[in-house]
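Here are the chains, one letter per residue:
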Amino acid sequence: MTERFLVVSATAAEAAHVPADLPLVITGLGKTAAAATTARALASYDDLAGLTVLNIGTAGALRAGLTGLFEPGTVLNHDISADLVRALGYDPQERLEVGESDVVLATGDVFVTEPAVRDALAERAHLVDMEGYAVAWAAREAGVPVRLVKHVSDAADESALDWTSMVEASALALGEWLRDNV
C-alpha cells in the first residue's frame, strides 16, 4: 500500500512552501478550528488506509536554546482543567503519544507571551502551539496516524507578538522538511 499524506496547517503563512503535489488543509487558529477542520477533511476521504496526517506549523520555545525543527513525540492539551475533570470521573485525555521523540509539545488556546505562563509550561513541555493537540486528537479519533512537525518561531515571550515577521523563515524550513521527508 502506498503511503499517502494530508498536510494540516493553521495558517496559509505557515504552509507557504508546502509542495504543490501534497494535499493541504488550512484550519485557522486554535484548538476548536483545528479539530473541526481536521475531522471534516478526514471525513471527506472514502478510504483512510495508508493515510498519515502531517501537522506542520510554528511553535514557541519554552526553554532556552531550542531552535529549529522538531517532531514531538508527546502532545499535551495544556489549558484544560485535567485534574478537575478526572475528579468528576472522566478521562480528559490531555496527553497523547504521537511518536518516538522525547520532545513534548503543549497545545492551548492561550497565546503564550507572559513569562510566568511560559515558565509553568516549561516544567511539562519543550514547545507550545495552538493546534497540535487538536489535530492529533482528530486524527486519532479517525484511526489515522499523525506526525507533528514544528519549527520554532519565537521564545514564547513578548517576541511572539512579532510572529508575522518571523513566520516566513519557519515556512521555508517546514517546506524543505516536507520535500526531504515525504
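Before reading on, note that the structure itself is shown above.
Residues numbered from 1 in each chain as written. Predicted model: local features only at pLDDT ≥ 70, side-chain atom pairs only at ≥ 80, totals over all residues. Heavy atoms only, no water.

## With respect to unusual backbone geometry
Okay, step 1: A positive phi is found at glutamine 93, a non-glycine position, where the angle reads about 45 degrees.
Okay, step 2: Turning to its location among the elements, glutamine 93 is positioned in the loop between helix H2 (82–87) and strand E6 (95–97).
Okay, step 3: Classification of glutamine 93 as partly exposed rests on a relative accessible area of 31%.
Okay, step 4: Here the phi dihedral of alanine 156 falls at roughly 50 degrees; this positive angle occurs in a residue that is not glycine.
Okay, step 5: Looking at alanine 156, the relative accessible area reads 0%, which means it is buried. (Helix = DSSP H or I, 4+ residues; strand = E, 2+ residues; numbered from the N terminus. Buried < 20%, exposed > 50% of the residue type's maximum accessible area, 1.4 Å probe, protein only.)

## Some thoughts on the pairing of strand E1 (residues 4–9)
Okay, step 1: Burial runs high along E1: five of the six residues are buried.
Okay, step 2: Here three bridges tie E1 to strand E2 (residues 24–26), and the two strands are oriented parallel to one another. From the neighbouring strand, valine 8 faces E2, where its bridge partner is valine 25. (Pairing = 2+ DSSP bridges.)

## Focus on helix H3 (residues 115–122)
Okay, step 1: Those residues of H3 not exposed but buried are Arg118, Leu121 and Ala122. Down the axis of H3, the sector holding all buried residues measures 100 degrees, keeping them to one side.
Okay, step 2: Of the surrounding elements, those touching the buried residues of H3 are strand E3 (51–61), strand E7 (104–107) and strand E8 (127–129). (Arc of directions from axis to C-beta. Contact = heavy atoms within 4.5 Å.)

## Some remarks on the pairing of strand E9 (residues 146–154)
Along any regular strand, the residues point their side chains to alternate faces of the sheet.
Okay, step 1: Counted residue by residue, E9 has eight buried out of nine residues, so it is predominantly covered.
Okay, step 2: As paired elements, E3 and E9 share eight bridges and run parallel to each other. By the bridge assignment for E9, glycine 60 is matched with aspartate 154.
Okay, step 3: Of the pairings in the sheet, the one linking strand E4 (residues 69–70) to E9 comprises two bridges and is antiparallel in character. Counted as the bridge partner of phenylalanine 70 is lysine 150 from E9.

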